[in-house]
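# Remarks on the overall topology
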Amino acid sequence: MLQPKGVDWTVIILTCQYKDSVEAFQRELKVRQKREQIPAGTLLLAVEDPETRVGSGGATLNALLVAAEHLSARAGFTVITSDVLHSAWILILHMGRDFPFDDCGRAFTCLPMENPQAPVEAVVCNLDCLLDIMTYRLGPGSPPGVWVCSTDMLLSVPPNPGISWDGFRGARVIAFPGSMAYARNHGVYLTDSQGFVLDIYYQGTEAEIEQCARPDGQVPLVSGVAFFSVETAEHLLATHVSPPLDACTYMGLDSGARPVQLSLFFDILLCMARNVSREDFLVGWPPEVGQGDADVASYLQGARAELWKELHDQPLTMAYVPDGSYSYMTSSASEFLISLTFPEAPGAQVVHSQVEEPQLLGAGSSVLSCLLQGPVRLDPGSVLQHCHIQGPIHIGVGCFVSGLDMAQSKALHGLELRDLVLQGHHVRLHGTPIRAFTLVGRLDSWERQGPGTYLNISWSEFFQKTGIRNWDLWDPDTPPTERCLLNARLFPVLHPSRALGPRDMLWMLDPQEEGAEALWAWRASWRLSWEQLQPCLDRAATLASRRDLFFRQALHKARHVLEAQQDLSLRPLIWAAVHEGCPEPLLATLDQVAAGTRDPGVAARALACVADVLGCWAEGRGGLRSGPAANPEWIRPFSYLECGDLAQGVEALAQERDKWLSRPALLVRAARHYEGAGQILIRQAVMSAQHFVSTEPVELPASGQWVVAECPARVDFSGGWSDTPPLAYELGGAVVGLAVRVDGRRPIGARARRILEPDLWLAVGSRQDEMAMKIVCRSLDDLQDYCQPHAPGALLKAAFICAGIVSVHSKLSLSEQLLRTFGGGFELHTWSELPHGSGLGTSSILAGTALAALQRAAGRMMDTEALIHAVLHLEQVLTTGGALPGSAASESGGGRDHCT
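One structure accompanies this document, and this report is about it. (Residues numbered from 1 in each chain as written. Predicted model: local features only at pLDDT ≥ 70, side-chain atom pairs only at ≥ 80, totals over all residues. Heavy atoms only, no water.)

Turning to the packing of helix H1 (residues 22-34) against helix H18 (residues 539-563), a few remarks are in order. Each pair of packed helices gets described by two things: the angle between the helix axes and the distance between those axes. Two elements in contact, H1 and H18, have axes separated by 8 Å at closest approach and are oriented at 35 degrees. Residues Ala24, Phe25, Arg27 and Glu28 of H1 form the contact with H18, whose participating residues are Arg539, Ala540, Leu543 and Arg547. For the contact of H1 with H18, a count of residues per class yields four nonpolar, no polar and four charged. (Axes fitted to C-alpha atoms, helices over the stretch in contact; angles between N-to-C directions. Helix = DSSP H or I, 4+ residues; strand = E, 2+ residues; numbered from the N terminus. Contact = heavy atoms within 4.5 Å. Nonpolar A, V, L, I, M, F, W, Y, C, P; charged D, E, K, R; others polar.)

Here is the structure:
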């Protein structure tokens, strides 16, 4: 199914809090561009927020400035000009705040879904879903301008959301339906009948929320998506030179301005709402900023005054998507687990993972990008993500486990985790990479207010259970009201004498078992709070680790698909390896499969996949894939394959391949030779079709009596030749064909009879009674060109050999063979009333009729299945290597749906 036309973005910007993450996130954008998720000509920018907490409004203004600067430079300007916005479609994606369940934020949180139609195999992150929604659902039809989208929510948008852009100007917010109960802790829009926004409420009163209710009782939720027309974007961009708004941008900070924190929705957009007065707006306080002192309030008022002056006259409208859905990704572990699991599902959700014992996965659980070896039990409602672990392991209900590898597996042996969040983290301390592990309870709150819990129990109970004390976690001058999970120094990151592991946290679940020794080791470690840990997280290492694990499980998948001969294309995985810059491990795995199998068909498919890796690696720059494959350098590997020494042949191929990887043209030529190697094995594999050819003896027709076989033609409705290697190996094949008569007759036929002379009389014509070519074979030398498809009568000669009537390798002469077995020779005529090259299956069907007539004339009978295998064998003997449906549809006499 073709993807609908989406937005051809001019610029896509991803904003992020930490400067150390910019390069890693830039790479992630480029990888998605290679996967064709992003248009090839789109300018991609990962942009660091000027300050850690400039707010969504400040990050938007800074991103808009950076986009305008890059577009101005690209257009040849020496200064920033807003003129470049007039023909630009800009998408700004905000990474947002830290997320307790993913070190790379909500944008890179993996979701339990995969797209089997995607050209490139990859884990699906929330960022991917939002890119798809913005490009193909919300963005199409919009005029040039600036789209802004948060990445801290899960969205669902119908294919045609019904947004009209006729007569649009100003700014527009996108809203989704939600309940009034949900709106109490969220933002909602109040609009008039024309769709103009009157006000925006955050955690509004019952009366305010009721005002916003629609006829169906739902309220329009603030969704994190907004659009600015070119005119409005120009007004917003103009504020970057006006103090104190200049401090929202990197230019202002570089000039020494004091940072200011702004909200996109409750500062920039709110000032455009029709019912908001200037006085109320200036004294307001955006919810994401938090309360501050009088000096901060005065500074914020100055910023809001500038926004009011520039933007208040711009109209703000709302587009409501009644069939869509919105869910904010909160810091609640319970809600996060619900978003990743399907409680009503009959089985587990296993996505981009390899599981040795899938029967141990509970219904409604999820396994995302994992490699699970041995007995790993996962109870219902729990999630394993980015883990490579070895059982026996039991993950109980209500758990989220992420980022563990084989080295940490032993720490989980003998435990049953319940209602816990266990994560492994990549951390960089003063330039040194280390691993750290955190453990919290599913019910623990990340809020600063309230009594708080840890490991699902109160702090006092936790202290009594473990022996840990207040002063271990907080400084003495930290007020009791400010002590919370976020700032508790719970998590060891460095021990003076050994590496740390999950056991350095898991002991807290059962302190009696390990006693004072575990507590001493915990106290001896340098520990950080969750807040202190966030700036130290090595997000580049985290993404690299996830990529490595994805390919580790993918290599297991590739091996299993090949060895189990599954009907599954490896092409998306091959493209993934090429785009991610790691085709070598895949090539090594394919070599191992090819060398280790005893099945020439499996080996041929593995070599065809190697050819595809090499072809994809060239990325369209090395010429056509089809071409000669007889370079002298490849003769030695080919000779091993011809002699049946598969392991030696695969090794020799790999040795030669290493010399051809330096540039695209060589890659393509190497791919051609791998296809040639695969063809050798395909021929050997298909030649084994003769083992499925069985005949039953029947009454021998009298000498001179004709046996006639006729077949209809074949019409392929779809997929012609897609079932033929190597295409079938790379992409999978499916052919739908129908047997048809032409002018009421079966247009393809053959007839055979025994004759007294010990010769073979052959004739080929366009009709049964019109033989245009006649050949007489009196010796075995006359049959030697049976394997040359263009030689006169080659197909008929091959039919005699495949039918077992004569052997070209026998010590007996042709006449001796014929007289000894049949008492004479044979006459065989074939005809086709169809034009040569008509594509109606003439050659393979003709082979089928010739074999059927010959076998019957020789006193033998074959069923349809045996005849189909006999045709496959004949075409390999003839070296034409045809496809199965060419004869199957006609020989079975009707329609045929065949998949390879």
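This next bit is on the side chain of His425. Along the chain, His425 falls in strand E22 (residues 420-429). A polar contact of 2.8 Å, which involves the side chain of His425, links it to the side chain of Asp103. (Polar contact = N/O pair within 3.5 Å; in protein donor to acceptor, adjacent residues only side chain to side chain.)

Buried residues dominate strand E3 (residues 89-94), accounting for five of its six residues. Both E3 and strand E4 (residues 145-150) contribute to a ladder of six bridges, which runs parallel. Its bridge partner being in E4, His94 is matched across the sheet by Ser150. Handedness of the crossover is the feature at issue here: the chain leaves E3, passes through helix H3 (residues 126-138), returns alongside E4, and the resulting connection is left-handed. (Buried < 20%, exposed > 50% of the residue type's maximum accessible area, 1.4 Å probe, protein only. Pairing = 2+ DSSP bridges. Right-handed = clockwise from strand over helix to strand, strands pointing away.)

So, about the sheet that holds strand E12 (residues 349-351). Pairing is mixed across the open sheet formed by six strands, whose spatial order is E12-E14-E17-E20-E22-E23. Of all strands in the sheet, those bounded by a partner on one side alone are E12 and strand E23 (432-441). Neighbour to neighbour, the strand axes of the sheet diverge by 15 degrees on average, direction disregarded. Relative to strand E14 (residues 366-368), E12 runs parallel, the two being bridged by three bridges. Pairing of Val351 across the sheet is with Leu368, part of E14.

Below, the discussion takes up the nonpolar core. In this structure, Phe108 and Trp147 are the most contacted members of the largest nonpolar core, which totals 103 residues. Within the second largest apolar cluster, 63 residues are counted, among which are Val355, Val376, Trp446 and Ile457. (Core = buried A, V, L, I, M, F, W, Y, C linked by side-chain atoms within 4.5 Å.)

Take the pattern of salt bridges next. On inspection of all chains with the given rule, the structure shows 35 salt bridges. Its salt-bridge partner being Arg428, residue Asp538 comes within 3.1 Å of it at the nearest N-O pair. Here Asp538, found in the loop between helix H17 (530-533) and H18, pairs with Arg428, found in strand E22; they are 110 residues apart in sequence, far enough to count as distant. Judged by relative accessible area, which is 39%, Arg428 ranks as partly exposed. (Salt bridge = Lys/Arg side-chain N within 4 Å of Asp/Glu carboxyl O.)

In this section: unusual backbone geometry. The linkage connecting Pro243 with the following residue, Pro244, adopts the cis geometry, with an omega of 0 degrees. In this fold, Pro244 is placed in the loop between helix H6 (230-238) and helix H7 (250-254). Here the residue pair Gly391 and Pro392 is connected by a cis peptide bond, since its omega of 10 degrees sits within 30 degrees of zero. Positionally, Pro392 belongs in the loop between strand E18 (388-390) and strand E19 (393-395). At His352, a position not held by glycine, the phi torsion is positive, near 50 degrees. For His352, the position within the fold is in the loop between E12 and strand E13 (354-355). A relative accessible area of 8% places His352 in the buried class. Residues other than glycine seldom take positive phi values, yet Leu455 does so here, at roughly 55 degrees. Structurally, the position occupied by Leu455 is in the loop between strand E24 (453-454) and strand E25 (457-458).

So, to be careful, I would describe these as geometric facts and stop short of saying anything about function.
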